[in-house]
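# Descriptive analysis of the structure
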Amino acid sequence: SFYIGSQEANPRGLHFKSDGTKMYVCGNTSGSIFQYSLSTAWDVSTASYDSVSQTLSSQTSSPYGLFFKTDRTKMFLGDGAASAIYEYTLSTAWDLSTLSYSQTKSSLQTSIQNLWIKSDGTLAYVAASSTVYQYSMSTAWDISTLLYDSVSTNIGSEIAAAAGIWAGDSGGKLYIVNGSNDD
């Protein structure tokens, strides 16, 4: 384990660099995103804070969920208090210090707890409380083209608060973390 409470007391999003040497955490206590390095790939006990962060309060004070484009030049962030997703660009891949706000897609179905985007950037799953919603992007990785597919599934009989979501590109499995009872 690695303690991040000095930066964020209420973490709500986590993403790793594809080689396991960088970790990114956002949360709604600070309303910021933080960058960490892992001296041993995928071993969080070797993490150290890079003293690199970005305040997101111009867009949201309640960042939930965090997802990077496959080439790591875009970052997407859900809003736990509003029905919106924010898109950011990174002029240098994986370098949080080069992050800049790009655009907002609002008026989504509900407040967002977490999100996952297919590796080709054309499909997104959005988790909110006890429902998962499916969206498509007609232009890959461009949230201005994000449209609700009128497809959702209520998972309330298993999960009351979907706190994390992950799927594979094969489309055969969907993994969800239950924030209300630690499943």
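Scope of this entry: the structure provided in the associated data block. None of the values given here were measured: they were computed from a predicted structure.

## Here's the deal with the pattern of salt bridges
This structure, assessed with the given rule, holds five salt bridges. A salt bridge links glutamate 87 to lysine 74; its shortest N-O distance comes to 3.2 Å. You can see glutamate 87 sitting in strand E7 (residues 85-90) and its partner lysine 74 sitting in strand E6 (residues 74-79), a full 13 residues away along the chain. A salt bridge links lysine 118 to aspartate 120; the nearest nitrogen and oxygen atoms lie 3.9 Å apart. A relative accessible area of 25% places lysine 118 in the partly exposed class.

## Concerning the environment of valine 177
You can see valine 177 is positioned in strand E14 (residues 174-178). Residues valine 177 and tyrosine 86 lie 91 residues apart in sequence; the distance between their C-alpha atoms is 22 Å.

## Side note on the sheet that holds strand E10 (residues 123-128)
The sheet built from four strands is open, its strands ordered E9-E10-E11-E12 with antiparallel pairing. For this open sheet the edge positions go to strand E9 (114-117) and strand E12 (146-154), each flanked by a neighbour on one side alone. For this sheet, the mean inter-axis angle between neighbouring strands, taken without regard to orientation, is 20 degrees.

## Notes on the environment of serine 48
Locating serine 48 in the fold gives a position in strand E4 (residues 47-55). We classify serine 48 as partly exposed; its relative accessible area is 35%. Taking the C-alpha atoms as reference, serine 48 lies 27 Å from glycine 80; in sequence the two are 32 residues apart. Each residue touching serine 48, except ones within four places of it in the same chain, is listed here: Phe2, Tyr36 and Ser37.

## Notes on the nonpolar core
Formed by 25 residues in total, the largest nonpolar core has its most connected members in Phe76, Ile85, Leu115, Ile117, Tyr125, Tyr135 and Leu146. In terms of residue count, E10 provides more of this core than any other element does, six residues in total. Non-local contacts of phenylalanine 76, meaning those with residues more than four positions away in its chain, are made with Gly65, Leu66, Phe67, Lys69, Ile85, Tyr86, Glu87, Leu115, Ile117, Trp141 and Ile143. With 16 residues, the next largest nonpolar core counts Leu56, Phe68, Ala84 and Leu99 among its residues.

About the criteria used
- Residues numbered from 1 in each chain as written.
- Predicted model: local features only at pLDDT ≥ 70, side-chain atom pairs only at ≥ 80, totals over all residues.
- Heavy atoms only, no water.
- Salt bridge = Lys/Arg side-chain N within 4 Å of Asp/Glu carboxyl O.
- Helix = DSSP H or I, 4+ residues; strand = E, 2+ residues; numbered from the N terminus.
- Buried < 20%, exposed > 50% of the residue type's maximum accessible area, 1.4 Å probe, protein only.
- Pairing = 2+ DSSP bridges.
- Axes fitted to C-alpha atoms, helices over the stretch in contact; angles between N-to-C directions.
- Contact = heavy atoms within 4.5 Å.
- Core = buried A, V, L, I, M, F, W, Y, C linked by side-chain atoms within 4.5 Å.

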